[in-house]
Amino acid sequence: MRLRRSRLDRLEDDVLNESRPFAPILRQVIALGGHAHSEPLRTWALRELQGYEGTDVPIPDYRRISAPLVMDGLTGMFQFREQLVSMFDLPDFAQESLGDVLRLGQGVGQIESLIARQPGQTVQLAPAMAAEVAVFMSQNSSRQVLRLYWAVHPSALEGVLDQVRTRLVQLVGELRAAMPHGQQDPTPDQVAQALQNINIVTGDNSSVTVTAPVAVAHRRGSARAETGGTAQRTLPRMLVLWTTASAALVTAAAVTAWITWF
């Protein structure tokens, strides 16, 4: 009699098959997370599938990509393309949010599509307010900036997909190690421990979200889905800021009273 292949068996086969697209694999992970009553696993798989744009889920650090910020434009009668942009070229309001590092908020299927659409070619991802920034950069200058974008090498996009696949392989490995011989499906506790061991959900407050075929950058990220440890670290910082502000107000009041008295 042939034994039933478990959800984990099927997931393992597909994850290790590098020719398999990510969409059906991540749908299996969502189903596995539902069976194991794991909201973090379902949320992570859904966000990797659909993307992070418009959600309050932070973009993971492994979606951090190094890419030069470049511009196309005109200077006199000459046209230039992919000229590097320095921080000195950018207006003050854009210097903090723009640079040579971006975070991709695109779903894995869209990332796969970008790679397939332009094999071996640089992918152009434009930051939010690119047109407005280009206008500021063209003011009081003989140079006219027509386009501003990140020139992303396909290998950087492939690196993001590789990180996703590696985490899926780690997930399968952690579950295999936790499950005794003969167990078909992981328990909620086993899934929770596996996620904790591989830290599958990570991120910070910065984000770059992407809608094909361009990326949109935001200076601040969405509301943070914190773990207990991170949330506990936020409160002392707020208290320090409040204490510092209060001390400054008290000092200012004392100085004013001293001047008035004299």
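Residues numbered from 1 in each chain as written. Predicted model: local features only at pLDDT ≥ 70, side-chain atom pairs only at ≥ 80, totals over all residues. Heavy atoms only, no water.

Colleague: How should the environment of Arg-20 be read in this particular structure?
Modeller: Along the chain, Arg-20 turns up in the loop between helix H1 (7-16) and helix H2 (22-35). The exposure class assigned to Arg-20 is partly exposed, which follows from its relative accessible area of 31%. Setting aside residues up to four positions removed in sequence, Arg-20 forms contacts with Asp-14, Ile-25 and Arg-165. (Helix = DSSP H or I, 4+ residues; strand = E, 2+ residues; numbered from the N terminus. Buried < 20%, exposed > 50% of the residue type's maximum accessible area, 1.4 Å probe, protein only. Contact = heavy atoms within 4.5 Å.)

Colleague: What should I look at first to understand the environment of Gln-110 in this one?
Modeller: Among the structural elements, Gln-110 can be located in helix H5 (residues 108-117). Through-space distance from the C-alpha of Gln-110 to that of Leu-49 is 9.0 Å; in sequence the pair is 61 residues apart.

Colleague: How should I be thinking about helix H8 (residues 188-198) in this particular structure?
Modeller: One full turn of an α-helix is made of 3.6 residues, so residues set three or four places apart face in the same direction. Listing the buried residues of H8 in full gives Gln-190, Val-191, Ala-194, Leu-195 and Ile-198. Angular distribution of buried residues about the axis of H8 spans 135°; they occupy a single face of the element. Exposed and oriented more than 90 degrees from the buried face of H8 are Asp-189 and Gln-196. Considering only its buried residues, H8 is in contact with helix H3 (39-50) and helix H7 (154-178). (Arc of directions from axis to C-beta.)

Colleague: Explanation requested: the sheet that holds strand E2 (residues 69-75) in the structure shown.
Modeller: Pairing between the strands of a sheet is mediated by backbone hydrogen bonds and can be parallel or antiparallel. The four strands lie next to each other as E3-E2-E6-E5, forming an open sheet whose pairing is antiparallel. Bordering the open sheet on either side are strand E3 (78-84) and strand E5 (123-125), each of which pairs with just one other strand. Across the sheet, the axes of successive neighbouring strands diverge by a mean angle of 35°, strand direction being ignored. Relative to strand E6 (residues 143-152), E5 runs antiparallel, the two sharing three bridges. Within E6, the position partnered with Val-123 by the bridge is Val-152. Here helix H6 (residues 130-138) sits on the sheet and contacts E2 and E6; the angle it forms with E6, its principal contact strand, is near 135°. (Pairing = 2+ DSSP bridges. Axes fitted to C-alpha atoms, helices over the stretch in contact; angles between N-to-C directions.)

Remember that the coordinates give geometry; whether it matters functionally is a separate question.
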